[in-house]
Amino acid sequence: MLKNKLVLEINNVKKYYNSFLALNNISLKINSGELVVLLGPNGAGKSTLFSIITGLMRADSGACLINGYNIADNTISALKNLGVVFQQPTIDLELTVKQNLLFHSRLHGIDLNLVKKTIYEELVKTGLEKKINNKARTLSGGERRKVELIRSLLHKPKMLLMDEPTVGLDPGSRTDLLRKILNLKKTKSLSILWTTHLVDEAEKADKIIILNKGIIKTAGTQSEILSLAKEKNLANAFLKIVKGE
Amino acid sequence: MIFRHYILALLGLSLREIIKFSNQKGRLFSAIVRPALWLFVFAAGVGSAKGIDPGVLNFYPTQNVNYFEYITPGLLGMVLLFSGMQSSLSMVYDREMGVMKILLTAPLPRWYMLLAKLISGTVLSILQAYCFLIICIPIVNIYTPFLTNYTGWLLAFPFIVLFGLMLGSLGLLLSVHIKQLENFAGTMNFVIFPMFFISSALYPLWRLVDNGAIFVYYLANANPFTYGVEMIRAASLGTFYLNGFIVCIVCTIIFLFLAIRGYNPQVSLIKKSKAKNG
């Protein structure tokens, strides 16, 4: 029953920077339990779209609905349903792991007695329980990302946004993060929008959306994209579509 | 439920400020040493044995006031001013470190997040202000007894809070416009020093007229810091200074309104991204 519930709906979103059209009539839908990868080269408009979905920026036209709530008009309800992992690290380096997670919980009005147990359990799952009282500054890039992922899920969002989350991670940490995300999708029926410019990260997605110069070039499953581009691997198909061949 | 959420968020922001403050051992030390130097060194050198005449606007029971006592409200204002500007610095730091995004994507109204940030910063300011009073005033009092008694500083508490809120909201407003941490030196030169020196913190304003610095006199009269200092001076002596109270309330509202407007995604972030892209 949950499977087909629409969690993210973006309708005809347009965004200008002065006269430069950064996003041109972007529309997309993500259902419950779906992993959608937004694939695009640098400057495609991924981060602009991400900022609009998170309410950090307003679209010039169109609408963005999270679990039925319009981010522009009903920002608070929309944000309650959203977990975010930003491209730039957003962890407070001066606080410990536990303090960072409790800080986020308070911002989301979560009962601290309940969340303390969840925090510990999640840290155990990621092998970070011994670093619970370590300052975030002492963690590696991969460990910080894991903490950010735990943090983004503490308030039990319906939708998880991840903006190029593997930037700066070593191959081991990247694989780890991808595995964790696939597991979350499977076990918690979480909807995930993952933006990236790395083609291999899109291979496990339910749907791939290719964005270039603010336009959705194509969207579909991996096999649909391969057959459309008449290519055998996704990297070549992506390049072909982006170059407009 | 919503009220609980608001209180939790305020608590979260305040705790974060306090934790960070307690990690920076030197911050409290410098917050006390700075005004202490002014009190023990500057006042000792500049102050006259005969005292100082506060002029027409005089809340003291006498027309001749001990200089150490005269500059104490101004030095208290200095602690609040530096602390308020530290809040702006922490906002710029949060923006550079990405933590600002976490604050702005929390499911709370943006105005409330900024108000909570202001309150949490003011809590720290008040703590520092009273640490200064508790440590320094008894020492000065041994050599030159003050007309202001200790309960006066307790009576002044709500006004010190208001002054702290005004300077904190000014800090928030500045953080909208300060893009990088490196620009904080500019804040020192163009905000903190002029605000402090062109006010009645160190000398009564009639002296400016007496010395022919009429333009500086008018500037000092237009400076909200002057009104804050006089409001605290009055309150510590058990008097209510209405003009100071009104100026502080109005300035707090204006600064906070402009800061909230500056953090509005429609007004500010778009402007920033336009600047970045074009």
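Residues numbered from 1 in each chain as written. Chains lettered and ligands numbered in written order. Predicted model: local features only at pLDDT ≥ 70, side-chain atom pairs only at ≥ 80, totals over all residues. Heavy atoms only, no water.

Participant: For this particular structure, what's the right way to read empty space enclosed by the protein?
Facilitator: The method is simple in principle: a probe with the dimensions of a water molecule rolls over the atoms, and the space it marks as empty is what remains. Summed over all chains, the structure comprises four cavities of 30 Å³ or more. Size it by volume and the largest cavity reaches roughly 90 Å³. Residue lining of the largest cavity: Leu79, Leu82, Gly83, Val84, Phe86, His104, His108, Ser152 and His155 of chain A together with Ile102 and Thr105 of chain B, and that is the complete set. Of the residues forming the lining of the largest cavity, the biggest block, three residues, is contributed by strand 6 (residues 82-85) of chain A. Looking at the lining of the largest cavity residue by residue, the classes come out as five nonpolar, six polar and no charged. Along its surface, the second largest cavity is lined by Met91, Met100, Leu103, Leu104, Met113, Leu114 and Lys117 of chain B. Elements that contribute at least two residues to the lining of the second largest cavity include exactly helix 4 (99-104) and helix 5 (110-143) of chain B. In terms of residue class, the lining of the second largest cavity is made up of six nonpolar, no polar and one charged. (1 Å grid on protein atoms, 1.4 Å probe; cavity = no way out; pocket = protein on both sides within 12 Å on 5 of 7 lines; lining within 4 Å. Points joined across faces, edges and corners; volume = space filled by probe spheres on them. Helix = DSSP H or I, 4+ residues; strand = E, 2+ residues; numbered from the N terminus. Nonpolar A, V, L, I, M, F, W, Y, C, P; charged D, E, K, R; others polar.)

Participant: Any chance you could explain helix 3 (residues 67-97) of chain B here in plain terms?
Facilitator: Residues lying three or four places apart along an α-helix face the same way, a consequence of the helix completing one turn every 3.6 residues. Residue and element names in this part refer to chain B. If you check helix 3, its first and last C-alpha atoms are 44 Å apart, about what 31 residues at 1.5 Å a residue would give, namely 45 Å. The largest bend along helix 3 reaches roughly 30° and is located at Pro73. Burial within helix 3 is extensive, with 27 of its 31 residues counted as buried. The N-cap of helix 3, judged by a side-chain oxygen 3.0 Å from the amide nitrogen of Phe68 a few residues on, is Asn66. Positive phi shows up at Gly98, right after helix 3, with a value of about 90°. (Expected span 1.5 Å × (residues − 1). Bend = angle between axes of the 7 residues up to and from the residue. Buried < 20%, exposed > 50% of the residue type's maximum accessible area, 1.4 Å probe, protein only. Polar contact = N/O pair within 3.5 Å; in protein donor to acceptor, adjacent residues only side chain to side chain.)

Participant: Mind showing me how you'd approach the sheet that holds strand 6 of chain A here?
Facilitator: Two strands in a sheet stick together by hydrogen bonds in their backbones, pointing the same way (parallel) or opposite ways (antiparallel). Residue and element names in this part refer to chain A. A sheet is described by the order of its strands in space; here six strands give the open sequence 6-7-8-3-9-10, paired in mixed fashion. Whereas interior strands pair on both sides, the edge strands pair on one side only; in this sheet they are strand 6 and strand 10 (215-220). Across the sheet, the axes of successive neighbouring strands diverge by a mean angle of 15°, strand direction being ignored. Against the sheet, helix 1 (residues 46-53) contacts strand 3 (35-39), strand 6, strand 7 (159-163), strand 8 (191-196) and strand 9 (207-212), and its axis sits at roughly 145° relative to strand 7. Each of strand 3, strand 7 and strand 8 is contacted by helix 6 (residues 171-188), which is oriented at about 155° to strand 8, the strand it contacts most. (Pairing = 2+ DSSP bridges. Axes fitted to C-alpha atoms, helices over the stretch in contact; angles between N-to-C directions. Contact = heavy atoms within 4.5 Å.)

Participant: Which parts of the structure should I look at to understand the interface of chain A and chain B?
Facilitator: Interface size is often expressed as the accessible area that is lost when the parts come together. In this complex, chain A contributes 32 residues to the contact, which on the side of chain B involves 36 residues. Area buried by chain A at its contact with chain B is led by Leu56, Arg106 and Leu107 of chain A, which between them contribute 21% of it. One can count two salt bridges joining chain A with chain B. Salt-bridge contacts for Arg16 of chain B lead to Asp92 of chain A; the nearest nitrogen and oxygen are separated by 2.7 Å. At the junction of chain A with chain B, the criterion picks out six residue pairs in polar contact (both at pLDDT 80 or more). Here the side of chain A that touches chain B gets five residues from one element, more than from any other, and that element is helix 3 (residues 97-107) of chain A. Class assignment of the residues belonging to the side of chain A that touches chain B gives a composition of 13 nonpolar, nine polar and ten charged. (Buried area = accessible area lost by both parts, 1.4 Å probe. Salt bridge = Lys/Arg side-chain N within 4 Å of Asp/Glu carboxyl O.)

Interpretation in functional terms is not warranted from these geometric data alone.
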